[in-house]
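# Tertiary structure, described
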Amino acid sequence: QVQLVESGGGWVQAGGSLTLACTASGRTFSDYIMGWFRRVPGKEREFVARIMRSAAVTDYADSVKGRFTISRDNAKSTLYLRMNSLKPEDTAVYYCAADRRIRSTYRRADEYDYWGQGTQVTVSS
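The following refers to the structure shown.

The rules behind these values
- Residues numbered from 1 in each chain as written.
- Predicted model: local features only at pLDDT ≥ 70, side-chain atom pairs only at ≥ 80, totals over all residues.
- Heavy atoms only, no water.
- Helix = DSSP H or I, 4+ residues; strand = E, 2+ residues; numbered from the N terminus.
- Contact = heavy atoms within 4.5 Å.
- Polar contact = N/O pair within 3.5 Å; in protein donor to acceptor, adjacent residues only side chain to side chain.
- Disulfide = S-S within 2.5 Å.
- Salt bridge = Lys/Arg side-chain N within 4 Å of Asp/Glu carboxyl O.
- Buried < 20%, exposed > 50% of the residue type's maximum accessible area, 1.4 Å probe, protein only.
- Pairing = 2+ DSSP bridges.
- Axes fitted to C-alpha atoms, helices over the stretch in contact; angles between N-to-C directions.

Another point: the environment of Glu6. Its location among the elements puts Glu6 in strand S1 (residues 2-7). Excluding anything up to four places from it in sequence, Glu6 contacts Ala21, Cys22, Trp36, Tyr94, Tyr95, Cys96, Gly116, Gln117, Gly118 and Thr119. Among the polar contacts made by the side chain of Glu6, one reaches the main-chain amide nitrogen of Cys96 at a distance of 2.9 Å. Here the side chain of Glu6 touches Gly118 through a polar contact of 2.8 Å, landing on its backbone nitrogen.

This part covers the state of the cysteines. Counting across every chain of the model gives one disulfide. Between the sulfur atoms of Cys22 and its disulfide mate Cys96 the distance is 2.1 Å. Between Cys22 and Cys96, the S-S torsion sits near 55°, and that sign places the bridge as right-handed. Remark: Cys96 occurs in strand S9 (residues 92-99) and Cys22 occurs in strand S3 (residues 18-26); sequence separation between them is 74 residues.

So, on to the pattern of salt bridges. By the definition in use, this model includes twelve salt bridges. Of the charged contacts in the structure, one is a salt bridge between Asp59 and Arg107, with a shortest N-O distance of 2.6 Å. With a gap of 48 residues between them, Asp59 in strand S6 (residues 58-60) and Arg107 in the loop between S9 and strand S10 (114-115) connect regions that are remote in the sequence. In this structure Asp59 comes out as buried when scored by relative accessible area, which is 17%. It is possible to trace a salt-bridge network through shared partners that takes in Arg38, Glu46, Arg67 and Asp90.

Attention now moves to the sheet that holds strand S8 (residues 78-83). If you walk across this open sheet you meet the four strands as S1-S3-S8-S7, and the pairing is antiparallel. The outermost strands of the open sheet, each flanked by one partner alone, are S1 and strand S7 (68-73). With strand direction ignored, the average angle separating the axes of adjacent strands in the sheet is 15°. Pairing analysis gives six bridges linking S3 to S8, with the strands arranged antiparallel. Paired with Thr23 across the bridge in S8 is Thr78.

Any functional reading would require information that these geometric values do not contain.
Shown next as structure tokens:
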């Protein structure tokens, strides 16, 4: 199995930028499809972005498309999420997730077996 640890969260003003990182340990990082999700209190975990093993294919939620960029460095076993033009509605706990199996969309939380502990992102208006 793989262990995931997020970092890079914090407080930022609207319009600002942050980069989250998710460092993996355990099994070979390049074996995993990786995703970012976020959750606000009282709501379900929401898909943000995902990236395939080779980084050639990415997918984004409409709410972040054009503002966020997911990337990975397999040599460093690290997943990134670059967040630009942040909005107050982006405030959430952000989680990275990993899975090795063939899934239908990789947009649902139940399609990922491994999760990090989360990192808080707060965007003030």
